[in-house]
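These are the residues of each chain, in order.
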Amino acid sequence: MFVSDCLNINEKGHLTIGGKDTVELAKQYGTPLYVMDEQQIRENCRAYVRSIDRCYDGKGMVAFASKAFCCRAMCRIANEEKLGLDVVSEGELYTAVSSGFPASRLVFHGNNKTVSELRYALECGVGRIVVDNPDELVRLQKLAEEMDVTAEILFRIKPGIDAHTHSFIRTGQIDSKFGLALETGEALQVVKQAIGMRSIHVRGVHCHIGSQIFDIQPFELASEVMLRFIAQVKAETGAELSELNLGGGFGIKYTEQDKPVPYDQYMEKVSQTVKKTCEELGINCPFIIIEPGRSIVGTAGITLYTVGALKDIPNIRTYISVDGGMTDNPRYALYQSEYEVLVADRADQPRVGKVTVAGKCCESGDLIGENLPVQDVRAGDTLAVLSTGAYNYSMSSNYNRIPKPAVVMVNGGSERIVVKRETLADIVRNDLD
Ligand SMILES: *Cc1c(COP(=O)(O)O)cnc(C)c1O
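No experiment lies behind these values; they were computed from the predicted model shown.

### Focus: the overall build of the protein
Okay, so step 1: For the protein, the helix and strand inventory stands at 12 helices and 23 strands.
Okay, so step 2: The C-alpha atoms of the protein give a radius of gyration of 23 Å, which matches the 22 Å a tight globule of 433 residues would have.
Okay, so step 3: Along the first, second and third principal axes, the C-alpha set of the protein runs to 70 × 55 × 40 Å.
Okay, so step 4: Partitioning the intrachain contacts of the protein with sequence separation of at least 6 by distance along the chain shows that 70% fall at a separation of at least 24.
Okay, so step 5: Total accessible area computed for the protein in this model is approximately 18,400 Å², and 48% of it derives from carbon and sulfur atoms.
Okay, so step 6: The centroid of the 47 positive side-chain charges in the protein is displaced by 1 Å from the centroid of its 57 negative side-chain charges.

The following block contains the structure:
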């Protein structure tokens, strides 16, 4: 029934997270409420770090993709766990730096970083800027020269592997707004140009093949393609790039149907492929970076709602409406993502019916899920939606002028608010008379 180790049921039959009674948390902090389990997050971080230590002699870095869940508390956890951190905007960069995260372990992504973002990244001393395109390279070189600094960069490459088709395929030319193409020679040309630039230091290459991926093979294939490219750069320029960033995208359990691969198996296979391919190509094994986002925080978080209206439409369906919706979780509206839900007050009871969980926004598409099996449910119950730790808070909005929920972090029997609930004053904060 449970998608995560941090969830359980107590003697009252209530759902618990990290040992805390969720019905009590809902009472104390109000709903909607995001609740995250800090120990689960830290355990996920450590599992990745351990796997690199064990399979690749520690020659790598786990960079948490902060877009999955970005706030200062999370940046601090990532820092304490010795992770790197991916940021994709000035806002994420500011959050990280203002939390005390060392800029040297930041990786700055994005397909259209503005001049002000690039300048800010150079000012902060961001350890790695992942350059997406030739325009950006020129812009960055100019800025770095003006500022009299060296920009440490990786290049984003399209390895031509589509991990999203059912059985993944290699295409000649992937249609994507991200990165440089390999097969047209674009990537090689731009990398050569950068190697000659005075204020640029090319550390390596990066790829990110997708998200919520359950197969290991696409990652192995991507690493092979990327290493061949490193060998080609070496053959043509004599420069050996020392870093390979393989991106994120490791799948997690949203429902019982999802069967994620243990991280260890992933690292083991990929390390073997990397070592073998490097030997074949006669290049040194690169420093490896991986960028998990979803799989660090996803199953460590849940959302608690209060059930309001129940609407039974005979022979059609039963709607239960909650006090949040697409504003705190737009993922069903965006891509029909599936979630497990349960009545936190009666988590020990069997699921007796199927319901459609609706939010409170003025949109028919404002749903959390359809035909979800659930326990006997009544108005006033606390409804828990599981596996909402990733891409929920970070994608939340103020549509319909709904304030964003608080985020509570549970940690070994105690808890603290890490993001305050927005107030009505926050809603009008930027309105001028
Ligand atoms: C989104 C993203 C990630 C993280 O993806 P997950 O599916 O959350 O693991 C990592 N790297 C890059 C460049 C991304 O865009």
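There is more to say, and it comes next.
### Things to note about the nonpolar core
Okay, so step 1: Ranked by size, the top nonpolar core spans 91 residues in total, and within it I41, F69, I129, I153, F155 and V297 carry the most contacts.
Okay, so step 2: Sort the elements by how many residues they give to this core and helix 8 (residues 217-237) lands first, with 10 residues.
Okay, so step 3: Three or more residues apiece are contributed to this core by two domains, here domain 1 (7-30 + 300-427) and domain 2 (38-296).
Okay, so step 4: If near-sequence neighbours (up to four positions away) are discounted, F155 is found in contact with V130, V131, L137, L180, V190, V191, A194, V202, G204, V205 and H206.
Okay, so step 5: L7, L25, A384 and V410 belong to the second largest nonpolar core, which has 21 residues in total.

### So, the site of the ligand
Okay, so step 1: Close to the ligand lie 15 residues, the nearest being K67, S211, E291, R294 and Y391.
Okay, so step 2: At 2.9 Å from an oxygen atom of the ligand is found a main-chain nitrogen or oxygen belonging to G293.
Okay, so step 3: Taking Y391, its side chain carries an N or O atom lying 2.6 Å from an oxygen atom of the ligand.
Okay, so step 4: Looking at the shell around the ligand residue by residue, the classes come out as 3 nonpolar, 7 polar and 5 charged.

### Remarks on the state of the cysteines
Okay, so step 1: Across all of its chains, the model carries 0 disulfides by this definition.
Okay, so step 2: You can see C70 has no disulfide; the closest cysteine sulfur is in C75, sitting 4.7 Å from it.
Okay, so step 3: By relative accessible area, which is 15% here, C70 ends up buried.
Okay, so step 4: With no disulfide of its own, C124 lies 13 Å from the sulfur of C75, the closest cysteine sulfur.

### Quick word on the domain arrangement of the protein
Okay, so step 1: Here the protein is partitioned into domain 1 (7-30 + 300-427) and domain 2 (38-296).
Okay, so step 2: The gap between the C-alpha centroids of domain 1 and domain 2 is 33 Å.
Okay, so step 3: Every contact between the two is made by 19 residues of domain 1 and, on the other side, 16 residues of domain 2.
Okay, so step 4: Across the interface of domain 1 and domain 2, roughly 1,700 Å² is buried in total on both sides, 57% from carbon and sulfur atoms.
Okay, so step 5: It is A300, Y391 and M409 that lose the most area in domain 1 upon contact with domain 2, and together they represent 31% of the buried surface on that side.
Okay, so step 6: Inspection of the domain 1/domain 2 interface yields 1 salt bridge.

### Some words on the environment of K113
Okay, so step 1: Tracing the backbone through its elements, the reader meets K113 in the loop between strand 7 (106-108) and helix 5 (115-124).
Okay, so step 2: With 19 residues separating them in the primary sequence, K113 and D132 have C-alpha atoms 8.9 Å apart.
Okay, so step 3: Not counting residues up to four positions away in its chain, the partners in contact with K113 are F108, L118, I129, V130, V131, D132, E136 and R139.
Okay, so step 4: Polar contacts involving the side chain of K113 include one to the main-chain carbonyl oxygen of G110, which spans 2.8 Å.
Okay, so step 5: A distance of 2.7 Å separates polar atoms of two side chains, one belonging to K113 and the other to E136.

About the cut-offs
Residues numbered from 1 in each chain as written. Predicted model: local features only at pLDDT ≥ 70, side-chain atom pairs only at ≥ 80, totals over all residues. Heavy atoms only, no water. Helix = DSSP H or I, 4+ residues; strand = E, 2+ residues; numbered from the N terminus. Rg over C-alpha atoms; globule rule 2.2 N^0.38 Å. Contact = heavy atoms within 4.5 Å. Areas by Shrake-Rupley, 256 points an atom, 1.4 Å probe, with all protein chains shown as cover. Lys, Arg positive; Asp, Glu negative; His and termini not counted. Charge placed at Lys NZ, Arg CZ, Asp CG, Glu CD. Core = buried A, V, L, I, M, F, W, Y, C linked by side-chain atoms within 4.5 Å. Buried < 20%, exposed > 50% of the residue type's maximum accessible area, 1.4 Å probe, protein only. Domains from an automatic or database assignment. Near = heavy atom within 4 Å. Polar contact = N/O pair within 3.5 Å; in protein donor to acceptor, adjacent residues only side chain to side chain. Nonpolar A, V, L, I, M, F, W, Y, C, P; charged D, E, K, R; others polar. Disulfide = S-S within 2.5 Å. Buried area = accessible area lost by both parts, 1.4 Å probe. Salt bridge = Lys/Arg side-chain N within 4 Å of Asp/Glu carboxyl O.

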